[in-house]
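Spelled out, the chains give:
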Amino acid sequence: FGSRVASWPFKTHRIFHIMRARGILPLVALTALLLGCIASAADHNESCEDPSFLQTPRKIGEFAQPKRVDLTLLDDLVDASPKPVDASQKPVDASQNPRITTETFLGVATAALLFLTWEFTKNSRKYHEEVCAPGGVSDRWWFVIMSAMIQVVSGSVYAMGAWQNDLRDTLQISMTSATIIGAMAFTGNLAGFLGGMLFDRSGPRAAVCLGCCCLSVGYCLIGIALVSSLAKNLKVMLACVGSLVAGYASVSLLDNITCMACSISFPQNQAAVVGYLKAVLATAGGVWALLWVQLFRNRFSLVSFMALSAIAPFVVGVMSLSSIKVLPPQCKESLKERGEIARAVSLIFLLLALTCFDVWAGYEYAKGLGASSWITGSIALALQMSPLLLLVTVKESGQGSAGSAGSAHEIVRPKNRIGISFQTAFKGMDFWLLWVCQFAVFGAGVATNQNLALILETTGHDSASSLGVALFALTSALSRIVVGILSDKYQAYFTRFHWLTAGAFCAMIGQFLVSLMDLTGIMTGTCLMGLSFGSFYTIIVPMVNEMYGNLEFGKMLGAQMSCQAPAALVIVCHLMPVVYRNAAGGKDVCEGRGCFQTSFLLLTVLNAVGLAAAVALQVRNADSLPVTRLNQAKSSKGLSS
């Protein structure tokens, strides 16, 4: 213990040296100043006694329901924990925070853009090579934990449903306009391959730098829409652009990038590390929702929350950027030392504790059993950031022998990769089989979680909506960790293709059980969908890497993820509203099994097609992977010539 305490000054010195070497100390000082301004500008406000303005017709596509979980996300949002909305408390008007003005958000956006310009000009060389000290095993722990912090800020987008009603009331717009703003967060996934191309060309650090700055700018645009005196249409347009920029940065420039970098950096534990990061993302959405409900909604305002959401990715990006890289070979060894195994177990334990606390707090609040408390939000935030404490236990490479400390650093260039080109993979059947399977699983997960409150309401069990969302969040987060570890450890017996097939099967059965429209079937189907959703997005990253190699890994995964936008738009924004309105017969609120039964029967058929695609993919790759078959074909062609 004494040696660890003695090493704390070294850790502090390393962080200070990183910031000084990059010339970012002034930006950190500016960030601290902005945080102080926001804290001093936010006013404490009491709740309103008249919640009638939140009472809106409950139709498909309109998620403003009193004392019910508000679900408006169209992405791994489904990853997020329950997002309770208490209609008995009125959101604070932006006008009550006069010191948070348009200039405040413009200042944050300017700082982010200046940092981005500095990094891509003065430090551009560092994006074309990855450096690791010989024997620098500590770098991988900084990499994993800082990647987890990137996932924390990325998960803020998945809490958008928690404050969508307040956005609607502050802007004085319809729920349809507010829903469009939320949907814009995931429309940008259609161009997800662009973020992957940046990863392939310049490495993960460049993409993460751009992602953190864009996420900050996106929230600044929403904040400007809240505090400015622009016309209502211009405010909606500005908020839509901000949502689009923030959503694209969260998914295509942060989440996907960190997972791809970890998949390449940990070839022996790809799914385990990716599963951990995906689980962090799942819980982060719930933590941001708790911060809003428990801390900001009654004590501060939505403007203050937007300011925090804008500053957080900028600060995390500044502090973690030097640790984001593709690790060279000497840093990719499997866990051997007892201390490293204990550190890994501690990360999983802290994450499971946060998951359980997040689900419990959300469920208690949604059921009206727990009052808003800053203590609850603070505990959730402390648990979310607790992995940073483990960095104190990491032995730095520079603390080794003098010889190793003075040795030359090894340089690994991202361009030195092997694999299949995107053009070749795009023409192959395997690519499209995986795309169809993801389209079905993602569409089913969104359809279930997005409309769970309405589904239970039409069957007369609306009070169980918070429990259903809690079950989905819990099973989704746990399956990411469990499937990630098991798929790495027992890959020789149960391959990733088997896990993909199992996930597709769970999705099909889950949709069928929900279509029965009784409480037991809905709850069981929701659990199965959580398992399917969590396992699928843990498996797909290492699967694409193993199938096609590292040559254009980023572009390949980005193109695969692009199916999320059409799946959400076609299923959630078109199919289910049409069926709901037809069953309602012109009424605002639909009642009875027919409101959703047809939709989920069609989704059962869709997931049967997804299951067939998964089985076909498993059969085609039973003996060899596409990258292996291509290399063999090239070899045989060379021999014949």
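Keep in mind the model is a prediction, meaning the values are calculated, not measured.

Just to check I follow, could you spell out the overall build of the protein chain for this structure?
Within the protein chain one finds 24 helices and four strands. Out of the 641 residues in the protein chain, the part that is buried amounts to 58%. Counting only contacts in the protein chain whose residues sit at least 6 apart along the sequence, the fraction spanning at least 24 positions is 85%. Summing over all exposed atoms, the protein chain offers an accessible surface of approximately 24,000 Å²; the carbon and sulfur share of this is 65%.

Can you walk me through helix H11 (residues 302-320) in this structure?
For an α-helix, the turn length of 3.6 residues means that residues three or four places apart are oriented alike. The end-to-end C-alpha distance of H11, which contains 19 residues, comes to 27 Å, matching closely the 27 Å that a straight helix rising 1.5 Å per residue would cover. With respect to burial, H11 is a largely interior element, 16 of its 19 residues being buried.

Before we go on, may I ask you to explain the environment of isoleucine 173 in this structure?
Structurally, the position occupied by isoleucine 173 is in the loop between helix H5 (164-171) and helix H6 (175-187). Since its relative accessible area comes to 12%, isoleucine 173 is described here as buried. In this structure the C-alpha to C-alpha distance between isoleucine 173 and lysine 235, which are 62 residues apart in sequence, comes to 9.7 Å. Excluding residues that lie within four positions of it along the chain, isoleucine 173 makes contacts with Arg168, Ala178, Ile181, Lys232 and Val236.

For this particular structure, what's the right way to read the side chain of serine 323?
By secondary structure assignment, the location of serine 323 is in the loop between H11 and helix H12 (338-366). Sequence-distant contacts of serine 323, defined by excluding residues within four places in its chain, comprise Trp142, Phe143 and Met146.

What exactly am I supposed to notice about the pattern of salt bridges here?
For side chains of opposite charge, pairing can occur when their charged atoms come near one another. Under the counting rule described, the total for this entry stands at six salt bridges. Among the salt bridges present, the one from arginine 620 reaches aspartate 430, with a minimum N-O distance of 2.8 Å. Here aspartate 430 lies in helix H16 (residues 429-450) and arginine 620 lies in helix H23 (residues 597-620), a separation of 190 residues in the sequence. By relative accessible area, which is 37% here, arginine 620 ends up partly exposed. Across the pair aspartate 488 and arginine 496 runs a salt bridge whose closest N-O atoms are separated by 3.0 Å. In this pair, the class of aspartate 488 matches that of arginine 496, namely buried. Overlapping salt bridges bring together Asp430, Arg620 and Arg629 as one network.

What's the story with the packing of aromatic side chains in this structure? I'm lost.
The description of two aromatic rings rests on the distance between their centres and on the angle between their planes. Inspection of the entire model under this criterion finds 20 aromatic pairs. On the numbers, 5.4 Å between centres and 70° between planes, the contact of phenylalanine 296 with phenylalanine 305 is edge-to-face. With relative accessibility at 1%, the residue phenylalanine 305 sits in the buried group. Through a chain of ring-to-ring contacts, three or more aromatic side chains come together here, namely Phe422, Phe426, Phe431, Trp432, Trp435 and Phe439. Between lysine 489 and the ring centre of tyrosine 490, over which it is positioned, the NZ or CZ distance is 5.9 Å.

It is not clear to me how the nonpolar core should be interpreted in this structure. Could you clarify?
Nonpolar side chains in soluble globular proteins generally cluster together in the buried interior. Ranked by size, the top nonpolar core spans 171 residues in total, and within it Trp163, Phe305, Met306 and Phe596 carry the most contacts. Element by element, the count of residues in this core is highest for helix H10 (residues 270-299), at 16 residues.

For this particular structure, what's the right way to read the side chain of arginine 480?
Tracing the backbone shows arginine 480 in helix H18 (residues 465-489). Judged by its relative accessible area of 0%, arginine 480 is buried. In this structure the side chain of arginine 480 is engaged in a polar contact, spanning 3.2 Å, whose partner is the backbone oxygen of serine 476.

Looking at this model, I keep getting lost on unusual backbone geometry. Mind explaining?
Most peptide bonds adopt trans geometry, and most residues besides glycine take a negative phi value. Backbone geometry at glutamine 172 places phi at a positive 60°, although glycine is not the residue there. Positioned with a positive phi, methionine 517 is a non-glycine residue whose angle comes to about 60°. With respect to the helices, strands and loops of the structure, methionine 517 is situated in the loop between helix H19 (496-515) and helix H20 (519-548).

What exactly am I supposed to notice about the confidence of the model for the protein chain here?
A low pLDDT means the predicted coordinates there should not be read in detail. Chain-level statistics for the protein chain give a pLDDT mean of 75 and a share of 72% at 70 or above. Here residues 1-8 is modelled with pLDDT under 50, and outside its nearest four sequence neighbours on either side it reaches five contacts, counting other chains as well. Taken together, the stretch residues 18-24 has pLDDT below 50 and engages in 14 contacts with residues farther than four places along the chain or on a different chain.

How should the packing of helix H9 (residues 232-265) against helix H21 (residues 553-561) be read in this particular structure?
Between two packed helices, both the angle of their axes relative to each other and the distance between the axes serve to describe the pair. Closest axis-to-axis distance for the H9/H21 pair is 11 Å, and the angle between their directions is 135°. The angle between H9 and H21 falls in the class oblique. Along this stretch, H9 crosses H21, giving a crossing that reads as right-handed. Judged by residue contacts, Asn256, Met260, Ser263 and Ile264 of H9 engage Phe553, Gly554, Leu557 and Met561 from H21. Considering only residue class, the contact of H9 with H21 consists of five nonpolar, three polar and no charged.

Help me out: how do you make sense of helix H3 (residues 102-121) in this one?
The terminal C-alpha atoms of H3 lie 28 Å apart, and with 20 residues this matches the ideal 28 Å at 1.5 Å per residue to within 8%. Among all positions of H3, only Thr104, Phe105, Val108, Ala109, Ala111, Ala112, Phe115, Leu116 and Glu119 are buried. Projected down its long axis, H3 carries its buried residues within an arc of 150°, all on one side. Away from the buried face of H3 by more than 90 degrees, exposed residues Glu103 and Leu114 are located.

Looking at this structure, how should I read the packing of H5 against helix H8 (residues 204-227)?
Orientation of H5 relative to H8, taken along the N-to-C sense of each, is 40°, at an axis distance of 9 Å. Overall, the two elements H5 and H8 adopt an arrangement that is oblique. Crossing angle aside, the handedness with which H5 passes H8 is left-handed. Note on element contacts: H8 touches H5 through Ile222, Ala225 and Leu226, opposite Leu167, Thr170 and Leu171. Its residues assigned to classes, the contact of H5 with H8 comprises five nonpolar, one polar and no charged.

Help me understand the environment of isoleucine 485 in this model?
One can find isoleucine 485 in helix H18. Taking the relative accessible area as the measure of exposure, isoleucine 485 reaches 36% and is therefore partly exposed. Expressed as a C-alpha distance, the spacing of isoleucine 485 and tyrosine 276, which sit 209 residues apart in the sequence, is 9.2 Å. Isoleucine 485 has contacts with Ala272 and Ile348, leaving out every residue within four places of it along the chain.

Can you help me understand the state of the cysteines in this one?
Going through the model one piece at a time under the given rule, you end up with zero disulfides. The cysteine cysteine 259 is free of any disulfide, with cysteine 262 supplying the nearest cysteine sulfur at 6.8 Å. Its relative accessible area of 1% is what places cysteine 259 among the buried residues.

Conventions adopted
Residues numbered from 1 in each chain as written. Predicted model: local features only at pLDDT ≥ 70, side-chain atom pairs only at ≥ 80, totals over all residues. Heavy atoms only, no water. Helix = DSSP H or I, 4+ residues; strand = E, 2+ residues; numbered from the N terminus. Buried < 20%, exposed > 50% of the residue type's maximum accessible area, 1.4 Å probe, protein only. Contact = heavy atoms within 4.5 Å. Areas by Shrake-Rupley, 256 points an atom, 1.4 Å probe, with all protein chains shown as cover. Expected span 1.5 Å × (residues − 1). Salt bridge = Lys/Arg side-chain N within 4 Å of Asp/Glu carboxyl O. Phe/Tyr/Trp six-rings, centres within 6.5 Å; stacked < 30°, edge-to-face > 60°. Lys NZ or Arg CZ within 6 Å of the ring centre and 35° of its normal. Core = buried A, V, L, I, M, F, W, Y, C linked by side-chain atoms within 4.5 Å. Polar contact = N/O pair within 3.5 Å; in protein donor to acceptor, adjacent residues only side chain to side chain. pLDDT = per-residue confidence, 0-100. Axes fitted to C-alpha atoms, helices over the stretch in contact; angles between N-to-C directions. Parallel < 35°, antiparallel > 145°, perpendicular 65-115°, else oblique. Left-handed = near helix turned anticlockwise from the far one by under 90°. Nonpolar A, V, L, I, M, F, W, Y, C, P; charged D, E, K, R; others polar. Arc of directions from axis to C-beta. Disulfide = S-S within 2.5 Å.

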